[in-house]
Amino acid sequence: MPAPQDLRLNSIATVPASSFYCSGIKSVYFGPAFQTVNGGWNNGAFWACTAMTNITFDSQITNAYIIGGERHFSGCTALEGTLDLSCFVKLRPGVQQRNIGLFDNSPKVTKVILGENLTELSLGTFCEGTRGLQEVVFMGPPPTLYNSSDKVITAGDPFAAVKSETLTTWVTRKYKKEWAEFAHENAIRHRGTHWKSD
């Protein structure tokens, strides 16, 4: 049975790999029970959903995570506008190559919001396929960074593979002190980035 065009996962905690591969989904809503979505080599849960323009996470989700796997939303070429990932506490997909990220090949995504409770972020989460990215908003303090070997690092650029020369990184005034030191050490930076605080 084909998936509905507007998918509502009201009570699903875990979305298995390959669940909606190449489906005709146009939008997906993750309900309050959501915790994680699985991915793997060539079998991400929403891989190649080329008609999907929108992903919505319920505002009651507070502890979602992605650890390991890849291509979770790979090839979702129609995704556009703002991607609100503020419900995630960990964004650590598996193998990070320049062309394989959590949302690779989504060139119409222009803004990403990362929540106040985000504690872990992998290099390569955002890659060259999100070349239309113009803004990244960190609502919380600097997260711990992980490299492609899933090891903690003290410096690195999660946006190095995003081919955008106009990317602006926003941080909140509440955590300005923490970010000032973090940015000074080049732990999170991007060529062409303008650091701003609300």
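Residues numbered from 1 in each chain as written. Predicted model: local features only at pLDDT ≥ 70, side-chain atom pairs only at ≥ 80, totals over all residues. Heavy atoms only, no water.

Caption draft 1: Inspection of the sheet that holds strand 1 (residues 6-9) at higher detail. Read from one edge of the open sheet, three strands run 1-3-5, paired in parallel fashion. Looking at which strands have only one partner, the edges of the open sheet turn out to be strand 1 and strand 5 (54-57). Averaged over all pairs of adjacent strands, the angle between their axes in this sheet comes to 10°, without regard to strand direction. Where strand 3 (residues 27-30) meets strand 5, four bridges bridge the pair, whose relative direction is parallel. Note on strand 5: the bridge partner recorded for Val 28 is Ile 55. (Pairing = 2+ DSSP bridges. Helix = DSSP H or I, 4+ residues; strand = E, 2+ residues; numbered from the N terminus. Axes fitted to C-alpha atoms, helices over the stretch in contact; angles between N-to-C directions.)

Caption draft 2: Main features of the pattern of salt bridges. Taken as a whole, this structure holds three salt bridges when the rule is applied. Across the salt bridge formed by Arg 92 and Glu 120, the nearest N and O atoms sit 2.5 Å from each other. Of this pair, Arg 92 sits in strand 8 (residues 88-92) while Glu 120 is found in strand 10 (residues 120-122), placing the two residues 28 residues apart along the sequence. The buried category is assigned to Arg 92, whose relative accessible area is 11%. Here Glu 116 ties to Lys 174 by a salt bridge, and the two come within 2.9 Å at their closest N and O atoms. On the criterion of sequence distance, the pair formed by Glu 116 in the loop between strand 9 (108-114) and strand 10 and Lys 174 in the loop between strand 14 (168-171) and helix 1 (176-184) is long-range, its members being 58 residues apart. Among the ionic contacts, a cluster of salt bridges with common partners joins Lys 90, Arg 92 and Glu 120. (Salt bridge = Lys/Arg side-chain N within 4 Å of Asp/Glu carboxyl O. Buried < 20%, exposed > 50% of the residue type's maximum accessible area, 1.4 Å probe, protein only.)

Caption draft 3: Structural view of the sheet that holds strand 6 (residues 64-67). A sheet is described by the order of its strands in space; here five strands give the open sequence 6-8-10-12-13, paired in mixed fashion. Edge positions in the sheet fall to strand 6 and strand 13 (152-153), since each has one partner strand and no second. Alignment of strand 6 against strand 8, held across four bridges, turns out to be parallel. Bridge pairing links Ala 64 to Phe 88 in strand 8.

Caption draft 4: Focus on unusual backbone geometry. Even without a glycine there, the phi angle at Cys 22 is positive, about 55°. Of note, Ala 48 is a non-glycine position whose phi angle comes to about 60°, a positive value. Relative to the assigned elements, Ala 48 resides in the loop between strand 4 (36-37) and strand 5.

Caption draft 5: Focus on the state of the cysteines. Summed over the entire model, instances satisfying the criterion amount to zero disulfides. Summary of cysteine pairing: Cys 22 is not part of a disulfide, and the nearest cysteine sulfur, belonging to Cys 49, is at 7.4 Å. Assessed through its relative accessible area of 47%, Cys 22 is described here as partly exposed. (Disulfide = S-S within 2.5 Å.)

Caption draft 6: Fine view of the side chain of Thr 130. Mapped onto the elements of the fold, Thr 130 is located in the loop between strand 10 and strand 11 (135-138). Of the residues examined, Thr 130 reaches a relative accessible area of 2% and is grouped as buried. Dropping the residues within four chain positions of it, Thr 130 is found in contact with Phe 103, Ser 106 and Val 162. (Contact = heavy atoms within 4.5 Å.)

Caption draft 7: Summary view of the packing of aromatic side chains. With the rule as written, the count across this model stands at 11 aromatic pairs. Here Phe 57 and Phe 88 contribute two aromatic rings whose centre-to-centre distance is 5.3 Å and whose plane-to-plane angle is 80°, an arrangement assigned as edge-to-face. Of the two residues, Phe 57 sits in strand 5 while Phe 88 sits in strand 8, which places them 31 residues apart along the sequence. We note that Phe 57, like Phe 88, is buried. Here Phe 73 and Phe 103 contribute two aromatic rings whose centre-to-centre distance is 4.8 Å and whose plane-to-plane angle is 15°, an arrangement assigned as stacked. Of the two residues, Phe 73 is situated in the loop between strand 6 and strand 7 (80-85) and Phe 103 in the loop between strand 8 and strand 9; the sequence distance between them amounts to 30 residues. Residue class for Phe 73 comes out buried when judged on its relative accessible area of 1%. Given a relative accessible area of 2%, Phe 103 falls into the buried group. (Phe/Tyr/Trp six-rings, centres within 6.5 Å; stacked < 30°, edge-to-face > 60°.)

Honestly, it's all geometry; don't read function into it.
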